[in-house]
Amino acid sequence: MTGTTVLFDLFGVIARHQSPEGKDRLVRTAGVPAAAFWPAYWAQRPPYDRGDVGGADYWHRVADALGTRFDEHRVTRLVEADIDSWSGTDDAMVALVEQLAVRGGRIGLLSNIPEELAVHYEARHDWLGLFAVRAFSCRIGRAKPEPDAYRWCLEALREEHADRVLFVDDRPENVRAAEAIGMRGHLFTGSEGLRARLAG
């Protein structure tokens, strides 16, 4: 796909979703039943991902939704456990990103990610420097599938033609949102399928 800019999602594409072990650790650290924990965790997540609130405020909001209280020590442990749960990466996809960069391909990153996790990745993964644009939701104040998140990337990439961008994400609603503003979309199911799409 000569001349195409590839805009990648991070989690579920290059990085892995939360591990079962990481999720179990979070629930144990919170000290509440999993059935109650996860709805509260996700319901409060959008403002955290957009950078509207920091880690401590996020976890206090989760506690409020659960009808409990997390002290400072528990909040610190929850932040650490949360980061750890999202820390796995897909070596095959990291290799693909590196290959695209070596071949002169233009690549960007659009991720719903809170600041603490963004800092963690920046400190540990040099391959993030390969992306021409790193659009972390916590820093651009927009999160997928909000149309302005994709428009922000187009402007940052200085790409006037949305159809020259291939957006890669594992969530159908995020791919549909990219396509709605004119980008091409690829629903990620694995590295081989993406390689085939890029070779087409």
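Keep in mind it's a predicted model, so treat the numbers as computed, not measured. Every chain is numbered independently, its residues counted from 1 as its sequence is written. Residues qualify for local features only when their pLDDT is at least 70, as the model is predicted, and side-chain atom pairs are given and counted only at 80 or more; totals for whole chains, interfaces and linings, by contrast, use all residues. Side-chain numbers come from the whole structure's heavy atoms, not from hydrogens or water.

Glancing now at the overall build of the protein chain. Numbering of helices and strands starts at the N terminus; helices are DSSP runs of H or I of at least 4 residues and strands are runs of E of at least 2. Scanning the protein chain for helices and strands turns up 11 helices and 5 strands. Just to be clear, the radius of gyration here is over C-alpha atoms, and the globule rule we use is 2.2 Å times residues to the power 0.38. Taken against the 2.2 N^0.38 rule, which gives 16 Å for 200 residues, the C-alpha radius of gyration of the protein chain at 17 Å falls within 12% of a compact globule. Projected onto its principal axes, the C-alpha coordinates of the protein chain cover approximately 55 × 30 × 30 Å. Think of it in three bands: with a 1.4 Å probe and only protein chains considered, a residue is buried below 20% of the maximum accessible area for its type, exposed above 50%, and partly exposed in between. Expressed as a percentage of its 200 residues, the buried residues of the protein chain come to 49%. The contact rule is simple, with two residues in contact once any of their heavy atoms fall within 4.5 Å. Within the protein chain, residue pairs in contact and separated by at least 24 positions form 65% of the contacts whose partners lie at least 6 positions apart. Per-residue and other accessible areas were derived by the Shrake-Rupley procedure at a 1.4 Å probe size, with only the shown protein chains allowed to occlude residues. Element-wise, carbon and sulfur atoms account for 47% of the exposed surface of the protein chain, whose accessible area totals about 9600 Å². Between the centroid of the 25 positive side chains of the protein chain and the centroid of its 30 negative side chains there is a distance of 2 Å. Under the counting rule used here, the positive set is Lys and Arg, the negative set is Asp and Glu, and His together with the chain ends is not counted. Working definition for charges: the position is that of NZ of Lys, CZ of Arg, CG of Asp or CD of Glu.

A few words on the pattern of salt bridges. A pair is scored as a salt bridge if a Lys or Arg side-chain nitrogen falls within 4 Å of a carboxyl oxygen belonging to Asp or Glu. By the definition in use, this model includes 11 salt bridges. A salt bridge links Arg50 to Glu146; the shortest N-O distance between them is 3.3 Å. With a gap of 96 residues between them, Arg50 in the loop between helix H3 (45-49) and helix H4 (55-66) and Glu146 in the loop between helix H8 (137-140) and helix H9 (147-157) connect regions that are remote in the sequence. Arg50 sits in the partly exposed class, given a relative accessible area of 22%. Assessed through its relative accessible area of 28%, Glu146 is described here as partly exposed. Look at the salt bridges and you will find they share partners, linking Asp9, Lys144 and Asp169 into a network.

In this section: the packing of aromatic side chains. Note on aromatic pairs: the rings of Phe, Tyr and Trp (six-membered ring only in Trp) are paired at centre separations within 6.5 Å, and the planes decide the class, stacked below 30 degrees, edge-to-face beyond 60, tilted for the rest. Counted by the stated rule, this structure contains 15 aromatic pairs. Measuring from ring centre to ring centre gives 4.9 Å for Trp38 and Tyr41, while their planes differ by 70°; the resulting arrangement is edge-to-face. Note that Trp38 and Tyr41 are positioned in helix H2 (residues 34-43) at a spacing of 3 residues, about one turn of the helix. With a centroid separation of 5.3 Å and 90° between ring planes, the pair formed by Tyr150 and Phe167 is classed as edge-to-face. With a gap of 17 residues between them, Tyr150 in helix H9 and Phe167 in strand E4 (residues 165-169) connect regions that are remote in the sequence. Each of the two residues, Tyr150 as well as Phe167, counts as buried.

To continue, consider the environment of Val94. Residue position: Val94 is located in helix H6 (residues 91-102). Taking the C-alpha atoms as reference points, Val94 and Asn112, separated by 18 residues in sequence, lie 18 Å from one another. Among all residues touching Val94, those that are not within four sequence positions of it are Ile14, Thr89 and Trp127.

Moving on, we get to the packing of H2 against H4. Between two packed helices, both the angle of their axes relative to each other and the distance between the axes serve to describe the pair. Remark: H2 packs on H4, axes separated minimally by 9 Å, with the N-to-C direction vectors making an angle of 130°. Here H4 runs oblique to H2, going by the angle between their axes. The crossing of H2 and H4 is right-handed. Residues Ala36, Phe37, Ala40 and Tyr41 of H2 pack against Tyr58, Trp59, Val62, Ala65 and Leu66 of H4. Axes here refer to lines fitted to C-alpha atoms; in helices the fit is confined to the stretch in contact. Angles between the N-to-C directions go from 0 to 180 degrees. By the definition adopted for this analysis, an angle is roughly parallel if under 35 degrees, roughly antiparallel if over 145, roughly perpendicular if from 65 to 115, and oblique otherwise. Left-handed describes a crossing whose near helix is turned anticlockwise from the far helix by less than a right angle; the clockwise case is right-handed.

Quick look at the nonpolar core now. Buried residues of nine kinds, namely Ala, Val, Leu, Ile, Met, Phe, Trp, Tyr and Cys, make up a nonpolar core once their side-chain atoms join them within 4.5 Å. Phe8, Ile14, Phe37, Trp59 and Phe131 are the most contacted members of the largest nonpolar core, which totals 49 residues. Each residue touching Ile14, except ones within four places of it in the same chain, is listed here: Phe8, Asp9, Thr89, Asp90, Met93, Val94, Val97, Leu109, Trp127 and Phe131. Judged by nonpolar contacts, the second largest core, of 17 residues, contains Val133, Ala149, Tyr150 and Ala178.

Before going further, it helps to examine the sheet that holds E4. Following DSSP output, two strands are said to pair if at least two bridges run between them. Read from one edge to the other, the open sheet built from 5 strands follows the order E3-E2-E1-E4-E5, with strand pairing classed as parallel. Two strands bound the open sheet, and with one partner strand each, they are strand E3 (133-136) and strand E5 (184-187). Going from strand to strand, the sheet's axes swing by 20° on average, the running direction of each strand aside. Pairing of E4 with E5, which is carried by 4 bridges, proceeds in the parallel orientation.

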